[in-house]
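Notes for the structure review
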Amino acid sequence: MSYITRLIHKIKNIYYRSRFKKFGRKSMLINPKYIMGGENIEIGNRVVIRDFAWLGALPLTGAADCRLVIGDGCVIGHFNELFATNSVIIEDNVLTADRVYISDNLHGYEDVSIPVVKQSIKQIGTVRIGEGSWLGAGVCVIGASVGKHCVVGANAVVTKDIPDYSVAVGIPARVVKRYDFELNAWRKTNAEGVFLND
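Just so we're clear, the structure is a prediction, and the values are computed from it rather than from any experiment.

1. Concerning helix H1 (residues 3-19)
Along its 17 residues, H1 runs 25 Å from first to last C-alpha, staying within 8% of the 24 Å computed at 1.5 Å per residue. For H1, the full list of buried residues reads His-9, Asn-13 and Tyr-16. Looking straight down H1, one finds that the buried residues subtend no more than 70 degrees of arc, so they occupy a single side. Facing away from the buried surface of H1 by more than 90 degrees, the exposed residues are Tyr-3, Ile-4, Lys-10, Ile-11, Ile-14 and Ser-18.

This is the structure in structure tokens:
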């Protein structure tokens, strides 16, 4: 990294420290697309957020506390959209590929006489992405949590919690493997996460 590039990052970091609730040491937010509610966003140390990210934390559903937290050592891919109306917490050392969407809310659509865009936003849960997990390209996590050291396959849609040490794929996402600590190996499971006889 050249001297000029390092200087630019230092200047940006000073600016981001004034804009966010927390902006950690040696973190880089590269060319964000939108930032909304920066006062409710905490970014840890040594975080890299790649180009064109959308970061938002606004209490649009009336939550008393609204927060988006990105833990230490996370790498957030290009075009990621992270939006909290209550709580989205990404724990340490999480890796996301490009075009990942993580949110704890969605638009209401129940009243068919009103366009969806004019209906209120619904709080559907809180979100926690466990430490050391990896979300593949195009993953959507909506109002559910992913355990620690999980892998979520490309284009999966997570609407129910995924337990620790799991591999999940599909729409809606389902567990297809879990780590077996007795055998020290990843093993296939059925839809309920029970190990299959290999």
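2. Structural notes on the packing of aromatic side chains
Under the defined criterion, the tally for this structure stands at 9 aromatic pairs. On the basis of an interplanar angle of 25 degrees and a centroid distance of 5.8 Å, the ring pair of Phe-20 and Phe-23 is categorised as stacked. Overall, Phe-23 belongs to the buried group, its relative accessible area being 6%. Consider the rings of Tyr-179 and Trp-186, whose centres lie 5.4 Å apart with planes at 75 degrees: the pair is edge-to-face. For Trp-186, a relative accessible area of 40% translates into the label partly exposed. Among the aromatic side chains, those forming a connected cluster through ring pairs are Tyr-15, Tyr-16, Phe-20 and Phe-23. The side chain of Arg-99 reaches across the aromatic face of Phe-79, ending 4.5 Å from its centre. A cation over a ring is seen here: Arg-178 above Phe-195, with NZ or CZ 4.2 Å from the ring centre.

Thresholds applied
Residues numbered from 1 in each chain as written. Predicted model: local features only at pLDDT ≥ 70, side-chain atom pairs only at ≥ 80, totals over all residues. Heavy atoms only, no water. Helix = DSSP H or I, 4+ residues; strand = E, 2+ residues; numbered from the N terminus. Expected span 1.5 Å × (residues − 1). Buried < 20%, exposed > 50% of the residue type's maximum accessible area, 1.4 Å probe, protein only. Arc of directions from axis to C-beta. Phe/Tyr/Trp six-rings, centres within 6.5 Å; stacked < 30°, edge-to-face > 60°. Lys NZ or Arg CZ within 6 Å of the ring centre and 35° of its normal.

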